[in-house]
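# Remarks on the overall topology
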Amino acid sequence: MHHYGYYNGTIQPVDQIGVGVFDLGLLRGYGLFDYFRTYNGRPFQWDWYWTRFQNSALRMHLRLPLTKDQTYKIVMDLLGRSNLEDAAIRFVLTGGDSPDSISIVKPSLLIITEDIHPVTPAQYEQGIRVILDDYVREMAEVKSTDYKRVILLAEAIRGARAQDVLYHKNGEISELSRSNFFIIKGQRLITPNRHILHGITRRTVMQLAQEDFEVEERPVLLSDLYDADEAFTTSTTKKVLPIVEIGDLTIGEGKPGPKSKYLLERFDELVESW
Ligand SMILES: *Cc1c(COP(=O)(O)O)cnc(C)c1O
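Residues numbered from 1 in each chain as written. Predicted model: local features only at pLDDT ≥ 70, side-chain atom pairs only at ≥ 80, totals over all residues. Heavy atoms only, no water.

## Notes on unusual backbone geometry
Under the convention used in this document: Helix and strand definitions follow DSSP, with helices as H or I runs of at least four residues and strands as E runs of at least two, each counted in order from the N terminus. Burial here depends on accessible area, computed with a 1.4 Å probe over protein chains only, as a share of the maximum for the residue type. Under 20% is buried, over 50% is exposed, and the range in between is partly exposed.
A positive phi angle is found at Gln45, which is not glycine, with a value near 50°. With respect to the element layout, Gln45 can be found in the loop between strand E4 (42–43) and helix H2 (46–59). The class for Gln45 is buried, based on a relative accessible area of 10%. Within the chain, Met139 stands out as a residue other than glycine whose phi angle is a positive 45°. Secondary-structure assignment places Met139 in the loop between strand E7 (128–134) and helix H5 (148–152). Taking the relative accessible area as the measure of exposure, Met139 reaches 38% and is therefore partly exposed.

This is the structure:
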């Protein structure tokens, strides 16, 4: 077994960790998480991921049981035990055991390492197709463990030979199920500013793009898609992944465009030297 995990003070192989049956995460779906990875053995954008995790915890009224430094030490310990050059790290913070199945007493914290499941080169070369869904995530700025919408949509996504779903509400686009959304029009790079999880990859790409693009964070409407030259999605595992079809609409020429490729190259350069 490669992977070890920390659960409420104890480090064990992940397959030996037992989670409480009275945990609000299990009984009420009350929990949040974060997910990041290493490059060259070092956690990528650690400060930003930690701040987001802290912010999610605060909004969910869950007290973090560890400080930033304590958590970093545990992460490095688990990475050492995994014996992998690079790994993903998942934090899960739940309501914890509850005497009456509703009150929060002591949140539970799980930290595990996982294998990285990178996007295939073929997907970067061909781009992905997404379906549209009229939906907006509840408490969108929290990385909550509630993903029932996309799990329920799995069949519809497969049936459309698509890879994911793009959420919109009242004509306004927010994000994909687990990643953020961008369009390119000329030299303008445009991304939704609300009803989203503030992705660390999104933030990194916006920073990298500053030199060559005019970066706009603003409401993005479905009607904005008609004259978009390119579209792509960003996340920790997807990096910068081109989107070539959205519902019935083909974006640009139906293949990944040069500007998305350029931003992926800039991102790859950054992580190579991380
Ligand atoms: C994790 C996630 C993202 C992407 O965030 P990254 O920090 O770039 O991985 C975007 N939207 C949702 C809903 C997410 O859960």
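## Observations regarding the packing of aromatic side chains
Cut-off, in case you're wondering: Only centres within 6.5 Å qualify two rings of Phe, Tyr or Trp (six-membered ring in Trp) as a pair; their planes then separate them into stacked at under 30 degrees, edge-to-face at over 60, and tilted for everything else.
Under the counting rule described, the total for this entry stands at 14 aromatic pairs. Centre to centre, the rings of Tyr39 and Phe44 are 5.3 Å apart; their planes meet at 85°, and the pair counts as edge-to-face. On the accessibility criterion, Phe44 (3% relative accessible area) is buried. Both rings, one in Phe44 and one in Phe267, keep their centres 5.8 Å apart while their planes meet at 75°; by these two values the pair is edge-to-face. Here Phe44 is found in the loop between E4 and H2, whereas its partner Phe267 is found in helix H8 (residues 258–272), with 223 residues between them in sequence.

## Some thoughts on the packing of helix H7 (residues 200–209) against H8
What counts, and what does not: Every angle, taken between N-to-C directions, lies between 0 and 180 degrees, and every axis is a line fitted to C-alpha atoms, over only the stretch in contact when it is a helix. By the definition adopted for this analysis, an angle is roughly parallel if under 35 degrees, roughly antiparallel if over 145, roughly perpendicular if from 65 to 115, and oblique otherwise. Contacts are residue-level and defined by heavy atoms, with any inter-residue pair within 4.5 Å sufficient. Basically, the charged four are Asp, Glu, Lys and Arg, the nonpolar ten are Ala, Val, Leu, Ile, Met, Phe, Trp, Tyr, Cys and Pro, and anything else, Gly included, counts as polar.
Packing of H7 against H8 leaves a shortest axis separation of 10 Å and a crossing angle of 105°. Regarding the angle of H7 to H8, the classification is roughly perpendicular. Contacts from Thr201, Thr204, Val205, Leu208 and Ala209 of H7 reach H8 at Leu263, Arg266, Phe267 and Leu270. Classifying every residue of the contact of H7 with H8 by side-chain character gives 6 nonpolar, 2 polar and 1 charged.

## As for the domain arrangement of the protein chain
How large an interface is tends to be reported as the accessible area lost when its parts come together. Rules: A domain assignment, automatic or from a database, supplies the domain bounds used here. The buried area of a pairing is the accessible area, by a 1.4 Å probe, that goes missing from both parts when the two are put together, added over both. For this document, the term salt bridge refers to a Lys or Arg side-chain nitrogen within 4 Å of an Asp or Glu carboxyl oxygen.
According to the domain assignment, the protein chain consists of domain 1 (4–114) and domain 2 (121–272). The C-alpha-based centres of domain 1 and domain 2 are spaced at 27 Å. Counting residues at the interface gives 19 residues for domain 1, matched by 22 residues for domain 2. Roughly 1,800 Å² of surface becomes buried between domain 1 and domain 2 when both sides are summed, with 64% attributable to carbon and sulfur atoms. Put simply, domain 1 and domain 2 have 1 salt bridge between them. A salt bridge links Glu141 to Arg59, with the nearest nitrogen and oxygen atoms 3.6 Å apart. Among the secondary structure elements, those contributing two or more residues to the side of domain 1 that touches domain 2 are strand E3 (31–39) and H2. The greatest single-element share of the side of domain 1 that touches domain 2, amounting to 8 residues, is contributed by E3. Looking at the side of domain 1 that touches domain 2, its residues break down into 10 nonpolar, 5 polar and 4 charged.

## Quick look at the nonpolar core
The condition is simple: What is meant by a nonpolar core is a set of buried Ala, Val, Leu, Ile, Met, Phe, Trp, Tyr and Cys residues, joined one to another through side-chain atoms within 4.5 Å.
With 33 residues, the main nonpolar core has Phe181, Ile183, Leu189, Phe232, Ile243, Ile246 and Leu263 as its most contacted residues. Elements that contribute at least two residues to this core include exactly E7, strand E9 (172–176), strand E10 (180–185), strand E11 (188–191), H7, strand E14 (230–235), strand E15 (239–246) and H8. Judged by nonpolar contacts, the second largest core, of 24 residues, contains Trp46, Val75, Leu78 and Leu79.

## Describing the site of the ligand
Note the threshold: Summary of the distance rule: residues count as near a molecule or strand when at least one heavy atom falls within 4 Å of that molecule or strand. By the criterion applied in these results, polar contacts are pairs of N or O atoms within 3.5 Å in which, for protein atoms, one can donate a hydrogen and the other can accept it, and in which residues neighboring in sequence qualify only through two side-chain atoms. A 1.4 Å probe and the Shrake-Rupley method give the accessible areas. Residues count as covered only by the protein chains that appear here.
Neighbouring residues of the ligand: 16 residues in total, closest Arg52, Lys143, Tyr147, Thr201 and Thr236. One of the side-chain nitrogen or oxygen atoms of Glu175 is found 2.8 Å away from a nitrogen atom of the ligand. Relative to its unbound accessible surface of 380 Å², the ligand loses 97% to contact with the protein. Elements represented by at least two residues in the shell around the ligand include exactly H2 and H7. For the shell around the ligand, the residue count by class is 4 nonpolar, 7 polar and 5 charged.

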